[in-house]
Amino acid sequence: MSTTVQQVLKSKGGVTHAVTPTATVMQALELMASQDIGAVLVKEGERLVGIFTERDYARKVAIKGLSSRDATVGDLMTPNVCTITPSHTIDDVMSIMTQNRFRHLPVVDHGKLSGIVTIGDVVKAVIAEHEATIQQLSSYIAGDIAT
Ligand code: AMP
């Protein structure tokens, strides 16, 4: 998959949603629900200090019976966030996500957060590339038969 992260961000945009470490889990869940997303970034000012996803909620809050209104995102987030750059390809993204067993990758361009790529974006990019290949082959076959 030679599509780049830059191309993906060009079509989906570079909007990211973030909370501070002091936000409660409930506030993070409300943001995820209102934006229809599965993860929020955790920022202190402009600094990316963590990521909190639905999986963190399921495994670190729900299963342990913690209160979403009392628990803070800072205590439950994953602090060492793996990021990618716009020049990475979808192949790179697939391999990073598979190796690390996560579905969200923030994009950092020259030190600045410029978007996030999710497993859903990867699936869309793969389908688009397959469709383009099928289109090319169909045109080739149609041309071949016509001549
Ligand atoms: P996910 O599959 O994205 O819901 O995430 C699964 C686990 O990996 C959760 O504990 C997340 O906090 C963590 N995680 C998700 N994305 C990243 C990332 N880019 N870097 C580090 N950890 C992550």
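Residues numbered from 1 in each chain as written. Predicted model: local features only at pLDDT ≥ 70, side-chain atom pairs only at ≥ 80, totals over all residues. Heavy atoms only, no water.

Colleague: Describe the nonpolar core, listing the residues and the values that go with them.
Modeller: One finds Val 19, Val 25, Val 40, Val 42, Phe 52, Val 73 and Leu 76 to be the most contacted residues of the largest nonpolar core, which totals 15 residues. Breaking this core down by element, the ones donating at least two residues are helix H2 (25-35), strand S2 (39-44), strand S3 (47-53) and helix H4 (73-76). Listed in part, the 14 residues of the second largest apolar core include Val 8, Leu 9, Ile 84 and Val 107. (Core = buried A, V, L, I, M, F, W, Y, C linked by side-chain atoms within 4.5 Å. Buried < 20%, exposed > 50% of the residue type's maximum accessible area, 1.4 Å probe, protein only. Helix = DSSP H or I, 4+ residues; strand = E, 2+ residues; numbered from the N terminus.)

Colleague: Please give an account of the site of the ligand that cites residues and values.
Modeller: Taken together, 14 residues surround the ligand, and among them Thr 53, Asp 56, Thr 78, Arg 103 and His 104 come closest. Here His 104 contributes a side-chain N or O atom positioned 2.6 Å from an oxygen atom of the ligand. Contact with the protein chains hides 90% of the accessible area of the ligand, taken as 480 Å² for the molecule alone. When residues of the shell around the ligand are traced back to their parent elements, those giving at least two are S3, helix H3 (54-62) and strand S4 (104-109). Across the shell around the ligand, the residue classes tally to six nonpolar, four polar and four charged. (Near = heavy atom within 4 Å. Polar contact = N/O pair within 3.5 Å; in protein donor to acceptor, adjacent residues only side chain to side chain. Areas by Shrake-Rupley, 256 points an atom, 1.4 Å probe, with all protein chains shown as cover. Nonpolar A, V, L, I, M, F, W, Y, C, P; charged D, E, K, R; others polar.)

Colleague: Which residues make up the pattern of salt bridges, and what values do they have?
Modeller: Summed over the entire model, instances satisfying the criterion amount to three salt bridges. In this structure, Asp 121 engages Lys 12 in a salt bridge whose closest nitrogen and oxygen atoms are separated by 2.8 Å. With a gap of 109 residues between them, Asp 121 in helix H6 (residues 119-146) and Lys 12 in helix H1 (residues 5-12) connect regions that are remote in the sequence. Using a relative accessible area of 10% as the deciding quantity, one classes Asp 121 as buried. Taking the relative accessible area as the measure of exposure, Lys 12 reaches 36% and is therefore partly exposed. The residue Arg 47 makes a salt bridge to Glu 44 at a minimum N-O spacing of 3.0 Å. (Salt bridge = Lys/Arg side-chain N within 4 Å of Asp/Glu carboxyl O.)

Colleague: Explain H1 to me, using residue names and the numbers behind them.
Modeller: Of all the residues in H1, the buried ones are Val 5, Val 8 and Leu 9. Looking down the long axis of H1, one finds its buried residues gathered within 95° of arc, a one-sided arrangement. What points out from H1, more than 90 degrees from its buried face, is the exposed set Gln 6, Lys 10 and Ser 11. (Arc of directions from axis to C-beta.)

Colleague: Mind laying out unusual backbone geometry, listing which residues take part and the relevant values?
Modeller: Of note, Asp 36 is a non-glycine position whose phi angle comes to about 55°, a positive value. Assessed through its relative accessible area of 72%, Asp 36 is described here as exposed. Despite not being glycine, Arg 101 shows a phi value in the positive range, around 55°. You can see Arg 101 is positioned in the loop between helix H5 (90-100) and S4.

Colleague: Kindly report on the sheet that holds S3, identifying the contributing residues and their values.
Modeller: As summarised here, the arrangement of the three strands in space is S1-S2-S3, forming an open sheet in which the pairing is mixed. In the strand order of this sheet, the two ends are held by strand S1 (18-19) and S3, each with one partner. Where S2 and S3 come together, six bridges link them in antiparallel fashion. Within S3, the residue paired with Glu 44 across the bridge is Arg 47. (Pairing = 2+ DSSP bridges.)

Colleague: Can you tell me about a nonpolar patch on the surface, naming the residues and giving the values?
Modeller: Side chains of Ile 119, Val 123 and Ile 127 sit close together on the surface and give an oily, nonpolar patch of about 240 Å² of accessible area. With respect to the secondary-structure elements, Ile 127 resides in helix H6. Relative accessible area serves as the criterion here: at 43%, Ile 127 is assigned to the partly exposed category. (Patch = residues over 30% accessible without salt bridge, like charges linked within 9 Å, V, L, I, M, F, W, Y side chains within 5 Å.)

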